[in-house]
Amino acid sequence: MISRLLTLLFLSSPSLIVTAQDYRWQQRVEYAMDVRLDVVAHKVTGTQRLVYYNNSQDTLTKVYYHLFFNAFQPGSMMDVRSRNISDPDRRVMDRISKLKDDEIGYQHILALKQDGKEVGYKVDQTILEVVLAKPLLPRTKTVFDMKFEAQVPLQIRRSGRDNREGIAYSMTQWYPKMAEYDFQGWHADQYVAREFHGVWGDFDVRISIDRKFVIGGTGKLQNPDKVGHGYENAGTTVKQPEGELLWHFIAKDVIDFAWAADPGYTHDRVQVPGGPELHFFYQKNERTSDWIKLQSAVIKTFQYLNQHFGRYPFDTYSIIQGGDGAMEYPMCTLILGEGQLSGLVAAVSHEVAHSWYQMALASNESLHAWMDEGFADFARDEFLASAFGGENPHQSSYQRYFNFVSSGSQEPASQHADHFNTNRAYAAASYGVGAVFLEQLKYLIGEAPFYEGMMRYYNTWKMHHPEPNDFLRVMEKVSGLQLHWYYRYWINTTKHIDYGIGEIIERDGSTMVTLQCVGEFPMPVDFLVTYKDGTAELFYITTDELMGRKPVEDSTIKRTDLDAWPWVYPTYTLTIRHPSREIEDLEIDPRQRMADVNRKNNKVIMADLHTAFKDPTR
Ligand SMILES: [Zn+2]
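Source: prediction; values computed, not measured.

Enquirer: Would you mind going over the overall build of the protein chain with me for this structure?
Expert: On a plain count of helices and strands, the protein chain comes out with twelve helices and 31 strands. Expected size for 618 residues packed as a compact globule is a radius of gyration near 25 Å; at 28 Å, the protein chain falls within 12% of this value. In terms of principal-axis extent, the alpha carbons of the protein chain reach across some 100 × 70 × 55 Å. By the burial criterion, 57% of the 618 residues in the protein chain qualify as buried. Here the analysis covers contacts within the protein chain between residues at least 6 apart in sequence; of these, 70% occur between residues at least 24 apart. Approximately 25,900 Å² of the protein chain is accessible, and the part contributed by carbon and sulfur atoms is 51%. The averaged location of the 80 negative side-chain charges in the protein chain is 3 Å from the averaged location of its 65 positive side-chain charges.

Next comes the structure, spelled out in structure tokens:
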């Protein structure tokens, strides 16, 4: 009866089909902005109408906006942090403290109403706190109408004007942006250094600017035949108006809106077969000569990522020569334009990978930077290896992790991105630790379930804010294995993996090998025995924590499954049913996917063993 009843329930209730939305509510925003950029005074003035949906079960009496430009003022938290951290970002250093009044950034609120009523607010550096005129009840919406004025700072980091490559405007973090409120409450962090978290929603943005300027950014241009500048449909004659040009962009299902403007941009368009239209914006000169060659590499990046990690969710993407370094935004990236082609390709493919790991799977970057930076590096390195060859795509990520461990400054990757003691620790813990997390996960659950899981993770959680547990649960379901222990050890602690080969003895024609867990981090062990006749045998010792075994990964090698190694046991002895003279060598994790901090004790070549075997029967 029960099974009958369950069947009926499943048939009668379509809501039983589980989506990410069923697991967790999320707030929603709909921005309509009409702004003008004065290219002489470097000021943005305009209006912002924001429809804000409170999908939580909480009544909100306040909301918070980010005013990122305010960070670029002497004495700001970003300035003070940069002048006190032991390894300041060379792009920031003490540069903020030296900005003059006409070089600083600011965002001033000129008027703010909620549903037509004035609201009280106060500004604390980069955070605007708004006391609502009327409490916002659960599952209701409200409308904020704002007038604001902003001064675009001289380029320091990410946003700003007149950067060192001569790009006029990098307009990122440029508008008053609603902070995210989620199951953990408000995420209204002061802008100190890095990493963002945004509310999902739609943007309708109108920008008026001197008509000489070319704009690239988030969203799809709605009036290409009026704007021209390379956006117009083939065969259209564009008649631009005198004076300023109005650009109208719409972006749906995004967490932010970024743009850049320069009068000297060349604008190229190329189509990814079966994918988005790509737009390239760059100043054409001898230092950016590789931007044509870059285009085919970006096409390949999209094709590869579409195939392996899920379909890119938008129909355009723009690669824009911008302010400094490289930074990801929805449907675009801003990236330095000069330098070697290989560096450009590596940087752009990382940023493109963020379209999966941030712009679709929008984890909270401040809390889980490893989930966007590490995953983007991982996907980028898999693409680069497939396109350009290379033995181990993730070698540099492992090396970064090992250097981190030996530096003595390791902190857990679960640290908030702004609160690491050093910039180096942040970088290693997010990029290196995050990429190794995935490659090591492949070792834990096997290659086929891993890639199936990456695809399922994307399709389940795209356009949401996945948490670490959401990712783990998908991986547990595809593999049938238990994984939260791995996450706790790898992300929340600085415990290290170190397995070694201990005593080897021979008894009754068999060889007994004792493996040692030297580190404090349990793992399953792939133990490869190569025989003198050229054959090999993989002994697979799972850990009890995994509660199961990964499938055979390489069917060309015989695999022998042994009993699980309970994590409390420091040693594990296995028997090889061959005398030692028939064995060429023994090796723990020959593919080196386990981030074992001491690999010197992982391999024994039998011929190197000088000590005679003890026969315990004598
Ligand atoms: Zn990144």
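Enquirer: When you look at the packing of aromatic side chains in this model, what are you seeing that I'm missing?
Expert: Aromatic ring pairs: the centre-centre distance and the angle between the two ring planes describe each pair. The tally for this structure, following the rule as stated, stands at 53 aromatic pairs. Note on Tyr191 and Phe196: the rings are 5.6 Å apart at their centroids and 50° apart in plane angle, and the pair reads as tilted. For Phe196, a relative accessible area of 9% translates into the label buried. Lying over the aromatic face of Tyr426, Arg194 brings its terminal NZ or CZ to 3.8 Å of the ring centre. The ring of Tyr443 carries Lys550 above its face, with NZ or CZ at 4.4 Å from the centroid.

Enquirer: Even after reading the chapter, I still don't get the coordination of the zinc ion, so can you show me in this structure?
Expert: In an ideal tetrahedron of four donors about a metal, each angle is 109.5 degrees. In an ideal octahedron of six donors, the angles are 90 or 180 degrees. The zinc ion binds to the protein through His350 (NE2), His354 (NE2) and Glu373 (OE); the donor distances cover 1.9 to 2.0 Å. Judged by relative accessible area, which is 6%, His350 ranks as buried. A residue is classified by how much of its surface remains accessible, and His354, at 0% relative accessible area, is buried.

Enquirer: So what exactly am I meant to see when it comes to empty space enclosed by the protein here?
Expert: To find leftover empty space, a probe the size of one water molecule is rolled over the atoms. Scanning the model with the defined rule gives four cavities of 30 Å³ or more in all. Considering only enclosed or pocket space, the largest cavity measures out at about 130 Å³ in volume. Residue classes in the lining of the largest cavity are distributed as three nonpolar, six polar and four charged. There is about 90 Å³ of room inside the second largest cavity.

Enquirer: For this particular structure, what's the right way to read the sheet that holds strand β19 (residues 265-271)?
Expert: Within a beta sheet, neighbouring strands are joined by backbone hydrogen bonds and run either parallel or antiparallel to one another. Pairing is mixed across the open sheet formed by five strands, whose spatial order is β19-β20-β21-β23-β22. Looking at strand neighbours, the two that pair on one side only are β19 and β22 (326-329), the edges of this open sheet. Each strand of the sheet is rotated relative to its neighbour by a mean of 15°, with strand direction disregarded. One ladder, built from four bridges, connects β22 with strand β23 (residues 332-335); its direction is antiparallel. Residue pairing for β23: Tyr329 is matched across the bridge by Cys332. Sheet strands in contact with helix α5 (residues 293-309) are β19, β20 (277-283) and β21 (316-321), and its direction is about 145° off that of β20.

Enquirer: Teacher, can you tell me more about the environment of Asp202 here?
Expert: Within the secondary structure layout, Asp202 lies in strand β14 (residues 201-210). Sequence-distant contacts of Asp202, defined by excluding residues within four places in its chain, comprise Arg28, Val29, Glu30, Tyr31, Ala251, Lys252 and Asp253. A polar side-chain atom of Asp202 sits 2.7 Å from a polar atom in the side chain of Arg28. A polar side-chain atom of Asp202 sits 3.0 Å from the main-chain amide nitrogen of Asp253.

Enquirer: Help me out: how do you make sense of the confidence of the model for the protein chain in this one?
Expert: In low-pLDDT segments, the atomic positions of the prediction should not be examined closely. Considering every residue of the protein chain, the mean pLDDT works out to 94; 95% of them sit at 70 or more. Across residues 1-17, confidence stays below pLDDT 50; counting only partners more than four residues off in sequence or on other chains, it has four contacts.

Enquirer: Teacher, can you tell me more about the pattern of salt bridges here?
Expert: If charged atoms from side chains of opposite charge come close, those side chains can pair. Per the counting criterion, the structure on display carries 38 salt bridges. Note that Lys550 is salt-bridged to Asp526, the shortest N-O span being 3.1 Å. Of the two residues, Lys550 is situated in the loop between β27 (536-543) and β28 (558-565) and Asp526 in strand β26 (residues 525-531); the sequence distance between them amounts to 24 residues. For Lys558, the salt bridge goes to Glu537, with nearest N and O atoms at 3.4 Å. Of the two residues, Lys558 sits in strand β28 while Glu537 sits in strand β27, which places them 21 residues apart along the sequence. Several salt bridges share partner residues, and in doing so they unite Arg28, Glu30, Asp202 and Lys252 into one network.

Enquirer: I tried to follow helix α6 (residues 341-353) on my own but got confused; where do I start?
Expert: Residues that lie three or four places apart on an α-helix share one face, since the helix turns once every 3.6 residues. Taking 1.5 Å per residue as the helical rise, α6 with its 13 residues ought to reach 18 Å, and the 18 Å between its terminal C-alpha atoms agrees with that figure. Leu344, Val345, Val348, Ser349, His350, Glu351, Val352 and Ala353 are the residues of α6 that are buried. Buried residues along α6 sit against α5, β21, β22, β23, α7 (369-388) and α9 (423-445).

Enquirer: I keep staring at the layout of surface pockets and nothing clicks. Help me out?
Expert: Here the largest pocket defines a volume of roughly 930 Å³. Looking at the largest pocket, it is lined by 38 residues, and the ones nearest its centre are Asp89, Arg91, Arg157, Arg158 and Tyr431. Looking at the lining of the largest pocket, the elements with two or more residues in it are α3 (77-84), β22, α6, α7 and α9. Looking at the lining of the largest pocket residue by residue, the class counts come to 15 nonpolar, six polar and 17 charged.

Enquirer: Which parts of the structure should I look at to understand the environment of Asn54?
Expert: Turning to its location among the elements, Asn54 is positioned in strand β2 (residues 43-54). Sequence-wise, Asn54 and Thr142 are 88 residues apart; in three dimensions their C-alpha atoms are separated by 8.2 Å. Apart from residues lying up to four places away in sequence, Asn54 is in contact with Gln27, Leu60, Leu136, Leu137, Pro138, Arg139 and Thr140. Polar contacts involving the side chain of Asn54 include one to the main-chain carbonyl oxygen of Leu137, which spans 3.2 Å.

Enquirer: Please explain the side chain of Gln190 as it appears in this structure.
Expert: Structurally, the position occupied by Gln190 is in the loop between β13 (185-187) and β14. Its relative accessible area of 16% is what places Gln190 among the buried residues. Reaching out from Gln190, the side chain makes a polar contact with the backbone oxygen of Asp124 at a distance of 3.0 Å. Dropping the residues within four chain positions of it, Gln190 is found in contact with Met77, Asp124, Gln125, Thr126, Ile127 and Asp418.

Enquirer: Help me understand the sheet that holds β14 in this model?
Expert: Read across the open sheet, the eight strands follow the order β5-β4-β8-β2-β1-β14-β17-β16; overall the sheet is mixed. Edge positions in the sheet fall to β5 (117-118) and β16 (220-221), since each of these pairs with one other strand and no more. Bridge analysis of β16 against strand β17 (residues 244-254) gives two bridges, and the strand direction is antiparallel. In the strand pairing of β17, Lys220 is matched with Ile250.

Enquirer: Got a minute to help me understand the packing of α9 against helix α10 (residues 447-461) in this structure?
Expert: Working note: a packed helix pair is described by the angle between its axes plus the distance between those axes. Packing of α9 against α10 leaves a shortest axis separation of 7 Å and a crossing angle of 125°. The orientation of α9 relative to α10 falls into the category oblique. Packed against α9, whose contacting residues are Leu438, Leu441, Lys442 and Ile445, the element α10 presents Glu447, Pro449, Phe450, Tyr451 and Met454 at the interface.

How each quantity is defined
Residues numbered from 1 in each chain as written. Predicted model: local features only at pLDDT ≥ 70, side-chain atom pairs only at ≥ 80, totals over all residues. Heavy atoms only, no water. Helix = DSSP H or I, 4+ residues; strand = E, 2+ residues; numbered from the N terminus. Rg over C-alpha atoms; globule rule 2.2 N^0.38 Å. Buried < 20%, exposed > 50% of the residue type's maximum accessible area, 1.4 Å probe, protein only. Contact = heavy atoms within 4.5 Å. Areas by Shrake-Rupley, 256 points an atom, 1.4 Å probe, with all protein chains shown as cover. Lys, Arg positive; Asp, Glu negative; His and termini not counted. Charge placed at Lys NZ, Arg CZ, Asp CG, Glu CD. Phe/Tyr/Trp six-rings, centres within 6.5 Å; stacked < 30°, edge-to-face > 60°. Lys NZ or Arg CZ within 6 Å of the ring centre and 35° of its normal. Donors = N, O, S within 2.8 Å, 3.2 Å for Na, K, Ca; no water. 1 Å grid on protein atoms, 1.4 Å probe; cavity = no way out; pocket = protein on both sides within 12 Å on 5 of 7 lines; lining within 4 Å. Points joined across faces, edges and corners; volume = space filled by probe spheres on them. Nonpolar A, V, L, I, M, F, W, Y, C, P; charged D, E, K, R; others polar. Pairing = 2+ DSSP bridges. Axes fitted to C-alpha atoms, helices over the stretch in contact; angles between N-to-C directions. Polar contact = N/O pair within 3.5 Å; in protein donor to acceptor, adjacent residues only side chain to side chain. pLDDT = per-residue confidence, 0-100. Salt bridge = Lys/Arg side-chain N within 4 Å of Asp/Glu carboxyl O. Expected span 1.5 Å × (residues − 1). Parallel < 35°, antiparallel > 145°, perpendicular 65-115°, else oblique.

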